[in-house]
Amino acid sequence: MTLLGEFCLWLALLLSAWALVLGFSGRWQDRPDLTASVRGAVFATFGALAVAALSLWKGLASHDFNIEYVAAYTSRNLPDGYIISALWAGQKGSLLFWAVVLSLFGALAQLLTPRRYDALMPYVAAVTSAVVAFFVCTMLFAANPFERLAFTPADGRGLNPQLQNPGMMIHPPMLYLGYISITIPFAFAIAALLSRGLDSGWIHAIRKWTLVSWLFLSIGITLGMWWAYVELGWGGYWAWDPVENASLLPWLTMTAFLHSVMIQEKRGMLKRWNLGLILGTFLLSIFGTFITRSGVIASVHSFTQSNVGYFFLGFLVVCGILSFTLLYTRWPTLRAEVQLESVVSREAAFLFNNLLLVGVAFSVLWGTLFPILSELVRGSKITVGPPFFNRVNVPLGLLLLALTGVGPLIAWRKASTSNLRRQFTGPVAAGVITAVGLLAAGVRGLYPVMALSLAGFVAGTIAQEFHRGVRARRRMHGESAPVAFGRLVARNRRRYGGYLVHAGVLIYFVAFSGMAFKREIEATLKPGDSATLKSPFGHTYTFTHVGVSQFEALNRIVSAATVQVAKDGKPQGLMSSEKRQHVDSFRRPTFEPSTEVAIRSNLQEDVYITYAGSIGGTEEAVYRFTINPLVWWVWFGGFVLAFGGLVTMWPGGGAVIPATAQRAPRPRLAEAGALTE
Amino acid sequence: MKAGHKFLLGASIIVVSVILLITQGVRETGVYFLTPSELAAKTSADPSFYDVGLKMGAKVVPGSVRRDPSNRQIDFEVSDGVRTYPVTYRGLVPDTFTDANDIEVIVEGRLGRDGVFRATEVLAKCGSRYEAAAEGKQA
């Protein structure tokens, strides 16, 4: 199987090189005879890489431990599901996963893009093939997943226990899908620059792709938070680790793009900025991959150091230089069609939102790179941690949250005083009432109170939009409220899907501010002893240590420490946190012991229990008890955000506005009472 | 004032505040990341460098770990092969912190004048074995 797999990698390299060379040169010289075979080569590249991935899966499934990758990431007693996810659990396999998905996306871009963009497609094929070729080269010359060992181990080392979690089966591929799909908008941007087709056509061609990669990144980041929360056991979901930051960076610039592109569609402004954002987002995704895989920045968990990092660094530099040089040469043709008319307008609100998003991205990038920068400049390494990121990003985030409410309501071009009064009286009142209510309820702390009040304001804007839309439909069509609501969203998916995304964002902010009120104690308890903790919502939790039990499960030896939980004196049942020692099929320990936390969640707060070990083999146990407020809302916010994203990109129903129709009146919107459009 | 100018004013306020937030943030929250030898060089060059918050990256000296579970205190030594410092820490250590060979740790805290490093946080990384997939943070 490895022979077939490796052969397929070489084949994919040849095919993608073919598409790269003929795509560029054929389209450059306008020779359809040269570009004719390019599409075929793109499809064939995907075929070859798919066969390569299948042969690695075959090796994993048949426990062929002579293959280094199989021995390093699986063992005989590994549950079947994790055999599938082992493909992306390690450096080499995830490169293969990346290449095969990218070639699939490249093929889909060729298949699904409407005919009117045919002039761009040879360039798009060439760019995606260049990126595929880079990944295949990295595998062939630095990290070959089909490498064989000189001997055959009796059993493999098994999968890292922290990756043996259902969330971990889908979290990396989601994030990868996000990272990978950014290549397609990037390819279109380069194609538009090369062919000088720099009207807004290419923007429409990539709308779906940018939404797809934004959606995958959002889901991937949220699942990553969930995995960190349940698996890493330190009691939170976001630690500003370099690897987390790397996933946030392209998300921020992509979010900025999704907003600024609306200005280009409506008003023909910001062409340079939009191109810059797409190029930057792609470079940040490669940068993130470089950080994760090179070990250049001390992240506590990252891939082992290897020269794969140099490949990515080189690729990053080459892509950066080429794409920004290209942008520079086309600079004069990218002049805006109109000027900004007023600073009190939707354009201006979006521009400020873009600056803030890019500012946040810049500060995160700066903080992540600071150890390297300070060592280069001053000769000594200085690190910044969560206090830095919170300090910089909380105020910027709050401003962004405020703009989330302002942007959708304020008029295009120039907002009149009556527009402002009509749109903002209700929402501002909602924000003020929230603030007063919070202060009256005894909530203190500048940032949390501001975050929650702004969330009240934004919730007011969203509720007002939905209410007005539904009311207009009910008047005009005599529909019942639920029907009107459903049709309102279905007929204006882009707009109301966007509001749902905003609702998800504000739920995130509410949940994040909850963490400011986290409570925690550590305790060493003998069976029968108990510890008490008061929650920010005023509940008193009592944890009574029951005992420590030992047992064996599928591929691990477990000691479980159990406490009886009581809330305000009422028993809530037992909760067990475990220490797991994973073993291979010969009962030899693999990896260090890992902790499995116990979590019980409700709408107010999570009870989060970490068993830290026992004293000298007795049943006296060391625990950390944490009360994490509002964590449930993080996952709910992620769900709302993803759902809103899906609504926005669902086919039909005005989700895509053809280039020709974009400035024509849109009767459906007017009919729905879309007065601010 | 024209709209473009007003916008530029707003934009420069945002840009300046981002820069101010970053530089202030670095000044007030940034900490040195040193190896034991670099720390020794710093303290001998500048005696006021004691009791300054910093991070130190080094390897745990095998066999030096003494745990007192009753009050969750852990004492151990870290070294980069040149300089060795005793470290004392109270709290829960991550699963990856063991007494085995080649455990790399990052300890955050202060070096006292008595030469003992009082850690407020201990992060451990197993150099040879940690091949997590995409993700990670302190355990």
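Nothing here was measured: the structure is a model prediction, and the numbers come from that model.

## Let's talk about the overall build of chain B
Helix and strand content of chain B: two helices and seven strands. Along chain B, helices and strands appear, N-terminal first, in the series α-β-α-β-β-β-β-β-β. Counting only residues that meet the buried cut, chain B has 35% of its 139 residues in that class. At a minimum sequence separation of 6, the contacts of chain B that also span at least 24 residues come to 46%.

## A short note on the overall build of chain A
Helices and strands together make up the secondary structure of chain A, namely 22 helices and ten strands. Relative to the compact-globule value of 26 Å for 677 residues, chain A shows a C-alpha radius of gyration of 27 Å, a close match. Here the C-alpha coordinates of chain A stretch approximately 75 × 70 × 60 Å along the principal axes. The buried share of chain A, reckoned over its 677 residues, is 53%. A separation of at least 24 residues holds for 72% of the contacts in chain A among residues at least 6 apart in sequence.

## A short note on the sheet that holds strand β7 (residues 594–596) of chain A
All names here are of chain A. Pairing is antiparallel across the open sheet formed by five strands, whose spatial order is β3-β4-β5-β6-β7. Among the strands making up the open sheet, the edge pair consists of β3 (530–534) and β7. Averaged over all neighbouring strand pairs, the angle between strand axes comes to 30°, with direction disregarded. Judged from the three bridges that link them, strand β6 (residues 570–582) and β7 form a sheet pairing that is antiparallel. The residue of β7 that forms the bridge with Lys-579 is Thr-595.

## As for helix α19 (residues 481–491) of chain A
Residues and elements named next belong to chain A. By the burial criterion, the buried members of α19 are Ala-484, Leu-488 and Val-489. Taken around the axis of α19, the buried residues stretch over an arc of 125°, which confines them to a single face. Contacts made by the buried residues of α19 are with α18 (446–477), α20 (493–514) and α21 (632–649).

## Quick look at the sheet that holds strand β10 (residues 621–629) of chain A
All names here are of chain A. Sheet architecture is open: four strands sit in the order β2-β10-β9-β8, paired in antiparallel fashion. The sheet terminates laterally at β2 (519–525) and β8 (598–601), the two strands that pair on one side only. Strand-to-strand, the axes of this sheet are offset by a mean angle of 15°, without reference to chain direction. Here β8 pairs with strand β9 (residues 605–614) via four bridges, running antiparallel. Considered in β9, the bridge of Ala-598 is made with Ile-609.

## Overview of the confidence of the model for chain B
Residues and elements named next belong to chain B. Averaged over all residues, the pLDDT of chain B equals 81, while 85% of them reach at least 70. For the stretch residues 127–139, pLDDT sits under 50, and the model shows 51 contacts to residues farther than four places along the chain or on other chains. Overall fold confidence (pTM) sits at 0.89, and the ipTM for the predicted complex is 0.82.

## Some thoughts on the packing of helix α16 (residues 386–406) of chain A against helix α1 (residues 3–29) of chain B
The geometry of α16(A) relative to α1(B) is characterised by a closest axis approach of 9 Å and an angle of 155° between their N-to-C directions. Taken as axis vectors, α16(A) and α1(B) run roughly antiparallel relative to one another. The handedness of the crossing between α16(A) and α1(B) comes out as right-handed. Touching A:Pro387, A:Phe388, A:Arg391, A:Val392, A:Pro395 and A:Leu396 of α16(A) are B:Val18, B:Leu21, B:Ile22, B:Gly25, B:Val26 and B:Thr29, all from α1(B). The class makeup of the residues in the contact of α16(A) with α1(B) is nine nonpolar, two polar and one charged.

## Re the environment of A:Asp529
Residue and element names in this part refer to chain A. For Asp-529, the position within the fold is in the loop between β2 and β3. Overall, Asp-529 belongs to the partly exposed group, with 14 C-beta atoms counted inside 10 Å. With 14 residues separating them in the primary sequence, Asp-529 and Phe-543 have C-alpha atoms 8.4 Å apart.

## Some points on unusual backbone geometry
The residue A:Asp30 is not glycine, and still its phi comes out positive at about 50°. By the element assignment, A:Asp30 lies in the loop between α1 (2–28) and α2 (32–35).

## Brief notes about the environment of A:Leu398
Its place among the elements puts A:Leu398 in helix α16. Distance in space between the C-alpha atoms of A:Leu398 and A:Gly547 is 46 Å, their sequence separation being 149 residues.

## Topic: the environment of B:Thr88
Within the secondary structure, B:Thr88 is located in strand β5 (residues 84–90). Residues B:Thr88 and B:Val65, spaced 23 residues apart in sequence, show a C-alpha to C-alpha distance of 9.9 Å.

## With respect to the pairing of β6(A)
Residue and element names in this part refer to chain A. Sheet topology places strand β5 (residues 556–567) next to β6; eleven bridges connect them, and they run antiparallel. Counterpart to Ser-559 in the pairing with β6 is Lys-579. Counted along the chain from β5 to the antiparallel partner β6, the turn is two residues long, and its residue Asp-568 has a positive phi close to 50°.

## Overview of the packing of α1(A) against helix α7 (residues 121–141) of chain A
Residue and element names in this part refer to chain A. The geometry of α1 relative to α7 is characterised by a closest axis approach of 8 Å and an angle of 150° between their N-to-C directions. Comparing the axis directions of α1 and α7 gives the class roughly antiparallel. For the pair α1 and α7, the sense of crossing is left-handed. Residues Leu-9, Ala-12, Leu-13, Ser-16, Ala-17, Ala-19, Leu-20, Gly-23, Phe-24, Gly-26 and Arg-27 of α1 lie in contact with α7, whose contacting residues are Pro-122, Tyr-123, Ala-125, Ala-126, Ser-129, Ala-130, Val-132, Ala-133, Val-136, Cys-137, Met-139 and Leu-140.

## Digging into the pairing of strand β1 (residues 31–34) of chain B
Taken together, the two bridges between strand β1 (residues 382–383) of chain A and β1(B) define a ladder with antiparallel strand orientation. For A:Ile382, the partnering residue across the bridge sits in β1(B) and is B:Tyr32. Bridge count between β1(B) and strand β2 (residues 54–60) of chain B: three bridges; the pairing is parallel. The residue bridging B:Leu34 from the neighbouring strand is B:Met56, located in β2(B). The parallel pair β1(B) and β2(B), bridged by helix α2 (residues 36–45) of chain B, forms a crossover whose chirality is right-handed.

## A short note on the confidence of the model for chain A
Summing up the model confidence of chain A, the mean pLDDT is 88 and the portion of residues at 70 or higher is 94%. Here residues 654–677 of chain A is modelled with pLDDT under 50, and outside its nearest four sequence neighbours on either side it reaches 34 contacts, counting other chains as well.

What counts, and at which threshold
Residues numbered from 1 in each chain as written. Chains lettered and ligands numbered in written order. Predicted model: local features only at pLDDT ≥ 70, side-chain atom pairs only at ≥ 80, totals over all residues. Helix = DSSP H or I, 4+ residues; strand = E, 2+ residues; numbered from the N terminus. Buried ≥ 20, exposed ≤ 12 C-beta atoms within 10 Å, placed from the backbone. Contact = placed C-beta atoms within 7 Å. Rg over C-alpha atoms; globule rule 2.2 N^0.38 Å. Pairing = 2+ DSSP bridges. Axes fitted to C-alpha atoms, helices over the stretch in contact; angles between N-to-C directions. Arc of directions from axis to C-beta. pLDDT = per-residue confidence, 0-100. Parallel < 35°, antiparallel > 145°, perpendicular 65-115°, else oblique. Left-handed = near helix turned anticlockwise from the far one by under 90°. Nonpolar A, V, L, I, M, F, W, Y, C, P; charged D, E, K, R; others polar. Right-handed = clockwise from strand over helix to strand, strands pointing away.

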